[in-house]
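# Descriptive structure summary
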Amino acid sequence: LRILTLLVIVWMLGRWQVARYEVDLPDLLILLDKSQSMSLPVESEVSPASLSVPPGETRTRLDAAKEMLLDPSAVSLSSLAEDYRLRFATIGEGLQMVTGDAVTLSEHLRELEAQAEHSRLGAALVEAVEGQRGRSTAGVVLISDGVVTEGLSLQQAAEMTSATKLPIFVVKTGSELPPPDVEIEELLADSAAMVG
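Every value quoted in this text rests on a predicted model; they were computed, and no experiment measured them.

For the protein, the helix and strand inventory stands at six helices and five strands. Along its sequence from the N terminus, the protein presents helices and strands in the succession α-β-α-α-β-β-α-α-β-α-β. For the protein, the accessible area works out to roughly 13600 Å², and carbon and sulfur atoms hold 56% of it.

Take the pairing of strand β3 (residues 95-98) next. In this sheet, β3 lies alongside strand β2 (residues 85-91) in antiparallel orientation, the contact comprising four bridges. The partner of Ala89 across the bridge, within β3, is Met97.

Taken together, the buried positions of helix α4 (residues 102-111) are occupied by Ala102, Leu105, Ser106 and Leu109. For α4, the angular spread of the buried residues around the axis is 100°, confining them to a single face. Residues of α4 that are exposed and point over 90 degrees away from its buried face: Val103 and Glu111. Where the residues of α4 are buried, they touch β1 (27-33), α2 (61-70), α3 (77-83), β2 and β3.

In the predicted model, the protein carries a mean pLDDT of 82, and 89% of its residues have values of at least 70. Under a pLDDT of 50 for its full length, residues 44-51 has, in the predicted model, 14 contacts with residues more than four places off or in other chains.

As summarised here, the arrangement of the five strands in space is β3-β2-β1-β4-β5, forming an open sheet in which the pairing is mixed. Strands at the two margins of the open sheet, each flanked by one partner only, are β3 and β5 (168-172). Each strand axis lies, on average, 20° off the axis of its neighbour in the sheet, ignoring direction. Sheet topology places β1 next to β2; seven bridges connect them, and they run parallel.

Together, Asp181, Glu183, Glu185 and Glu186 make up a negatively charged patch on the protein surface. Looking at Glu186, the relative accessible area reads 63%, which means it is exposed.

Another point: the nonpolar core. Counting residues in each nonpolar core, the largest one holds 19 residues, and the members touching the most others are Ile30, Leu32, Phe88 and Leu109. Mapped by element, the contributors of at least two residues to this core are β1, α2, α3, β2, α4 and β4 (137-144). Sequence-distant contacts of Leu32, that is, excluding residues within four places in its chain, are made with Met38, Leu62, Ala65, Phe88, Ala89, Thr90, Ile91, Leu109, Leu112 and Ile143.

The next thing to look at is the environment of Glu107. As for its placement among the helices and strands, Glu107 is situated in helix α4. For Glu107, a relative accessible area of 48% puts it in the partly exposed group. Put simply, Glu107 and Leu70 are 37 residues apart on the chain and 9.7 Å apart in space, counted from C-alpha to C-alpha.

Turning our eyes to something else, we now look at a nonpolar patch on the surface. Where nonpolar side chains cluster on the molecular surface, the patch consists of Leu1, Leu4, Leu6, Val8, Val10, Trp11, Met12, Trp16 and Val18 and spans about 1000 Å² of accessible area. Looking at Val18, the relative accessible area reads 68%, which means it is exposed.

For the coordinates displayed, the defined rule picks out eight salt bridges. For Glu130, the salt bridge is made with Arg133, and the minimal N-O distance between the two is 2.9 Å. What emerges from the salt-bridge pattern is a single network uniting Asp24, Asp27, Arg85 and Arg135.

Here is what the cut-offs are and how they apply
- Position labels on residues start from 1 in each chain and follow its written sequence.
- Note on the predicted model: pLDDT of at least 70 is required for a residue's local features to be given, and 80 or more for side-chain atom pairs to be given and counted; whole-chain, interface and lining totals, by contrast, use all residues.
- In computing side-chain values, all of the structure's heavy atoms are included and hydrogens and water are not.
- Helix numbers and strand numbers start at the N terminus; a helix is a DSSP run of H or I with at least 4 residues, a strand a run of E with at least 2.
- A 1.4 Å probe and the Shrake-Rupley method give the accessible areas. Residues count as covered only by the protein chains that appear here.
- Whether two strands pair comes down to DSSP finding at least two bridges between them.
- Relative accessibility under 20% of the residue-type maximum defines a buried residue, over 50% an exposed one, and the middle range a partly exposed one, all with a 1.4 Å probe and only protein chains included.
- What the arc covers is the set of directions going from the helix axis to the C-beta atoms.
- Note on definitions: a residue-residue contact is assigned when non-hydrogen atoms from the two residues lie within 4.5 Å.
- How sure the predictor is of each residue is captured by pLDDT, a score from 0 to 100.
- Under this scheme, a helix contributes an axis fitted over its contacting stretch, all axes are lines through C-alpha atoms, and angles between N-to-C directions fall in the 0 to 180 degree range.
- Patch membership is restricted to residues that have no salt bridge and whose relative accessible area is over 30%. Joining uses 9 Å for like charges and 5 Å for the nonpolar side chains Val, Leu, Ile, Met, Phe, Trp and Tyr.
- Whenever Lys or Arg places a side-chain nitrogen within 4 Å of a carboxyl oxygen from Asp or Glu, that contact is recorded as a salt bridge.
- Positive residues here are Lys and Arg, negative ones are Asp and Glu, while His and the chain termini are left out of the count.
- Charged groups are reduced to one reference atom each: NZ for lysine, CZ for arginine, CG for aspartic acid, CD for glutamic acid.
- Among buried residues, those of type Ala, Val, Leu, Ile, Met, Phe, Trp, Tyr and Cys that are joined through side-chain atoms within 4.5 Å constitute a nonpolar core.

Written out as structure tokens, the structure is:
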């Protein structure tokens, strides 16, 4: 009893206390481009079995992005959700946040189509980074082919967001070469033609 009393006195003199803190997971913001340029075919012919493309159909840039995020053998949304609080958004005309857990986000991702007429990547990236102010954020992942049709360029967006010191990881889908643009300059044909 004397030893126990002495230990309690030492504990009290040291003013030790047990403090419990609940630590929130940091945010991981994933931005996915859904502009029409993401419907262009991917040059690579390799496709994971989880989302293989049926014969005769082309594998688009958006398909490649979906495979990256949904393939269970790679770093998928489900595995990322264990270490981060996922925040997901699509980029087209602007930034559109999608809420839900990893399962809901995966379902939304499977149904996503590249239909946005404009690609405002730079402006959306700046808006996304500004929206993370005051939040614990591990980083921003931008998945895109890099085609910007309106607004800020990605270079301008990078300069504007550099002060935040927030890491931005860019995952490229597609090719560095522009899509083929064919034009008929001169047509050599008879002015009239007979059927058959």
